[in-house]
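# Descriptive analysis of the structure
Below, each chain spelled out in residue letters.
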Amino acid sequence: MANTNTVAAYPGVLEVAGMVISPNGGQVTYVGTAAQQAALGQTGEAIASRSFTTINTALAQCVTGRGDYIYVLPGYTENITADAWSSLAATDVTVCGLGHGTNRPALTWTVAGSTMLFDVANFRLLNCQLFLAGPHVAGAALTVTAPITISTAGAEISDCDIWWGFDADQIVAIGITTTANADNMKFNRNKCYAETAAVPTTTFLRLT
């Protein structure tokens, strides 16, 4: 069946099929599961051609200073390993989860060396579920040393649910670390959780 519902005036600026408008001119890309990718043919070719199955792949498409947005579809899950988003190189990029409650994208730090580095200016992470100390279920012992490190200006984490300790042996050493270069950081409307048993964690957020 032909895709008759696709309207794209300019790539990344206007799409009627998904009602995505990007007045800042930035490129809009999408991230979803393989099943979600397969269904995009019913949405429109303009969207399908700019959709990926990992956030890191979408980050590689971004251009510095353009104000690009990466929308992560509801129900998406991803395991965070060492420098999991190594393709983050462009400034002024926003990763925004879609959905609400437990349907928002879930990012899970899975090994002791799992890291997410905010090392490019004006990078924003919005509306996601962040499991800094591994899956929020009983499991093998895990201490994630430094889940998130922010080392450049203009970073933002907002509207996320952040779990930073589940059990006495499923914890973080320092949940979120900032350096002296992390000027003008925003940390807004986040809900931060740790189970009572996770008392060995001494620092959730370290501001420099």
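What follows is about the environment of Val199. Looking at the element boundaries, Val199 is found in the loop between β20 (191–193) and β21 (203–206). Residues Val199 and Gly165 lie 34 residues apart in sequence; the distance between their C-alpha atoms is 8.2 Å.

Right, let's get into the pattern of salt bridges. What the rule picks out here adds up to four salt bridges. Across the pair Arg66 and Asp68 runs a salt bridge, and its minimum N-O distance is 2.7 Å. For Arg66, a relative accessible area of 31% puts it in the partly exposed group. A salt bridge links Arg104 to Asp161; its shortest N-O distance comes to 2.8 Å. Taken together, the residues Arg104 in the loop between β7 (94–97) and β8 (106–109) and Asp161 in strand β15 (residues 161–163) connect sequence positions 57 residues apart. Of the two residues examined, Arg104 and Asp161, each falls in the buried class.

Averaged over all residues, the pLDDT of the protein equals 87, while 85% of them reach at least 70. Confidence over residues 7–15 falls short of pLDDT 50; this stretch has 23 contacts with residues more than four positions distant or in other chains.

Let us now look at the packing of aromatic side chains. Under the criterion given, the structure shown has eight aromatic pairs. Judged by centre distance (4.9 Å) and plane angle (70°), the ring pair of Phe118 and Phe123 falls under edge-to-face. Owing to a relative accessible area of 0%, Phe118 belongs among the buried residues under this scheme. Geometrically, the ring pair formed by Phe131 and Trp163 is stacked, given 4.6 Å between the ring centres and 10° between the ring planes. Taken as a pair, Phe131 in strand β11 (residues 129–131) and Trp163 in strand β15 lie far apart in primary sequence, 32 residues in all. Residue classification places Phe131 among the buried positions, given a relative accessible area of 13%. Among the aromatic residues, ring-to-ring pairing joins Tyr30, Tyr69 and Tyr71 into one connected group.

So, on to the pairing of strand β6 (residues 77–80). Where burial is concerned, the two faces of β6 differ: the one with Glu78 and Ile80 is buried and the one with Thr77 and Asn79 is not. Bridging between β6 and β8 involves four bridges; their strand directions are parallel. By the bridge assignment for β8, Glu78 is matched with Leu107.

Here a disulfide denotes a covalent bond joining the sulfur atom of one cysteine to the sulfur atom of another. Applying the stated criterion to the full structure yields zero disulfides. Take Cys96: it sits in no disulfide, and the sulfur closest to it among the cysteines is that of Cys128, at 7.3 Å. When its relative accessible area of 14% is taken as the criterion, Cys96 is described as buried. Looking at Cys128, it has no disulfide partner, and the nearest cysteine sulfur is the one in Cys160, 5.2 Å off. With relative accessibility at 2%, the residue Cys128 sits in the buried group.

Thresholds, definitions, all that
- For every chain, the first residue of its written sequence is number 1, and the numbers climb from 1 along that sequence.
- Thresholds applied to this predicted model are a pLDDT of at least 70 for local features of residues and 80 or more for the giving and counting of side-chain atom pairs; totals over whole chains, interfaces and linings are not thresholded and use all residues.
- Side-chain calculation: all heavy atoms of the structure are included, whereas hydrogens and water are not.
- A helix here means a DSSP run of H or I that spans at least four residues, while a strand means a run of E at least two residues long, and both kinds are numbered starting from the N terminus.
- For salt bridges, the criterion is a side-chain nitrogen of Lys or Arg within 4 Å of an Asp or Glu carboxyl oxygen.
- Only protein chains enter the accessibility calculation, which uses a 1.4 Å probe; a residue is then buried when its area is under 20% of its type maximum, exposed when over 50%, and partly exposed in between.
- Every residue is assigned a pLDDT by the predictor, reflecting its confidence on a scale from 0 to 100.
- A contact between two residues is defined here by any heavy atoms of the two lying within 4.5 Å.
- Aromatic rings from Phe, Tyr and Trp, taking only the six-membered ring of Trp, are treated as a pair when their centres fall within 6.5 Å; an angle between ring planes under 30 degrees marks them as stacked, one over 60 as edge-to-face, and anything in between as tilted.
- What makes two strands pair is DSSP finding at least two bridges between them.
- Counting rule for disulfides: a pair of cysteine sulfur atoms within 2.5 Å.

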